[in-house]
Structures are given as C-alpha cells and as structure tokens.
Amino acid sequence: MKKHLTSSLFLLTSSLFLLVSCGAEQAYSSWSCRFIFNNANYLDQTLAAAINPIIPGIFCKVTSESRGGTQYLIFENNQGATSRHQMMAEELRQNLRIGQNNGIIVGVQSLGDQTFTAYDLQCPNCARREGNMTTPHYPVTLDTKGSAIVTCNKCGDRYDLNNGGLLIEGQEGDKALERYRHATTEGPNGRVVVLSQ
C-alpha cells in the first residue's frame, strides 16, 4: 500500500511538472518598445486601476493614434473603462514606441508573484506559424468584461494575463504571450516604464 501511494504521488508530481512546463516557456518580446508615461501629469483612472499593486488582476491596453497632427494615448482596461489623452510635451519628447501593433497591455498579475507585467499586443504563435517576423500584424484582443484573457484575432489562441501570459487554448507547440523584459511602475499616480531593452 505504501509503495503504491509513493508511486502515485511520484506520478502525480511528474504530471503536474510536465503540465506546468508544457506551453509555459516564457519568451521576452524583441519588438521595439519605449513607453515612459508619468500618470502624475494625467491622473488617468483607467490606467491607474491596472498599475495599482493593491488591486491585482486589472489589465490595461495602451495604444496611440494621431488625429489632425495631434498625438493621443488611448487606455482601455479589462473592466470596461476607456479614456483618451492628448500627449503632453514630456511624452512627445521621448519618442514613444508602443510595441508591435501599436500597443501593449500592462497590469499586476493576481497569480504567482503578483508582479507588474507588460505584454506585447501581438500573437507570437501566428507570427511564428506565418513566418512573418518582419512586419507581422496579428493583434490580440483584451476581454473588457472582467476576465484577464486575451484572444488572437486570427488563430483564436487564448492567453491568461494573470498567469504570465500562459497559453490556455491553442495548438500543440504554441507558446505563452510575450512579455517585455523591463516593466516597472511607481503605482497608480506615478511613472510607468516599459522597455524592450
């Protein structure tokens, strides 16, 4: 009986290790990103909710657009909040580059180490499958109804932002969503920095 229990525990532990390691390989994004944003100047609540370490699990998509020669930052979080701000001189001087597909997703994970994380807005598996690493355009969509799931618009792969971008639905051999190596925040009304290098 004892030998059977030991064998069962070993099998269960091995299975869990394989399950966790399969598809959980974390890759860091090589797409150019230089996002330095001082929320003390804007007091944007959509972004502030996502960078508050006291309330993990809220994620914010950050994109930019130009209208009539004026640059704007657009924030949309997974709680359904959206906002838009005209860029101030500080951001304009920094020559912002907001990841592949003109976007990043930032937030504090609610699972694991609960760290502030920044993800690329690109499905890495479509870029790899299509062999398009030069000018890929395979954006993921952030669920704005409360979950921390993003879905690829092309292949349907689904990723869990609360768990390191882990692939939760996809094809065999697919990898996790790519994160940016350097991501820091000073809290809801402070500076947010996301850099690819």
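This structure is a prediction, so every number in the text was calculated from the model and none was measured.

Peer 1: Where do I start with the pairing of strand β6 (residues 116-120) in this structure?
Peer 2: Every regular strand shows the same layout, with side chains that alternate between the two sheet faces. A large share of β6 lies buried, amounting to five of its five residues. Burial along β6 is two-sided: F116, A118 and D120 facing one way and T117 and Y119 facing the other are all buried. Where strand β5 (residues 103-108) and β6 come together, five bridges link them in antiparallel fashion. Its bridge partner being in β6, I105 is matched across the sheet by Y119.

Peer 1: Looking at this model, I keep getting lost on the nonpolar core. Mind explaining?
Peer 2: Nonpolar side chains tend to gather and get buried jointly when the protein is soluble and globular. Of all hydrophobic cores here, the largest spans 25 residues; its most connected members are F35, L47, V62, L73, I104, V106 and V194. At the level of secondary structure, the elements contributing two or more residues to this core comprise β1 (34-38), α2 (45-50), β2 (59-67), β3 (70-77), β5, β6 and β12 (191-195). Of all the elements, β5 adds the most residues to this core, at three residues. When neighbours within four sequence positions are excluded, V194 is seen to be in contact with C33, R34, F35, I104, V106, A118, Y180, H182 and A183. Grouped together as the second largest cluster of nonpolar side chains are 17 residues, I105, Y119, L121 and C126 included.

Peer 1: Looking at this structure, I do not really get unusual backbone geometry. What am I missing?
Peer 2: Most peptide bonds take the trans form, and the phi angle of most residues other than glycine is negative. Phi at N101 takes a positive value of approximately 60°, unusual for a residue other than glycine. Although it is not a glycine, N102 sits at a positive phi angle of roughly 55°. Looking at the element boundaries, N102 is found in the loop between α3 (89-93) and β5.

Peer 1: Which parts of the structure should I look at to understand the pairing of β2?
Peer 2: Relative to β5, β2 runs antiparallel, the two being bridged by five bridges. Looking at the pairing, V62 lines up with I104 of β5. Where β2 and β3 come together, eight bridges link them in antiparallel fashion. Pairing of E65 across the sheet is with Y72, part of β3.

Peer 1: What's the story with the environment of I51 in this structure? I'm lost.
Peer 2: Structurally, I51 can be placed in the loop between α2 and β2. Relative accessible area serves as the criterion here: at 0%, I51 is assigned to the buried category. Not counting the four nearest positions on each side in its chain, I51 is found in contact with V106, V108, F116, T185, G187, P188 and V192.

Conventions adopted
- Residues numbered from 1 in each chain as written.
- Predicted model: local features only at pLDDT ≥ 70, side-chain atom pairs only at ≥ 80, totals over all residues.
- Heavy atoms only, no water.
- Buried < 20%, exposed > 50% of the residue type's maximum accessible area, 1.4 Å probe, protein only.
- Helix = DSSP H or I, 4+ residues; strand = E, 2+ residues; numbered from the N terminus.
- Pairing = 2+ DSSP bridges.
- Core = buried A, V, L, I, M, F, W, Y, C linked by side-chain atoms within 4.5 Å.
- Contact = heavy atoms within 4.5 Å.

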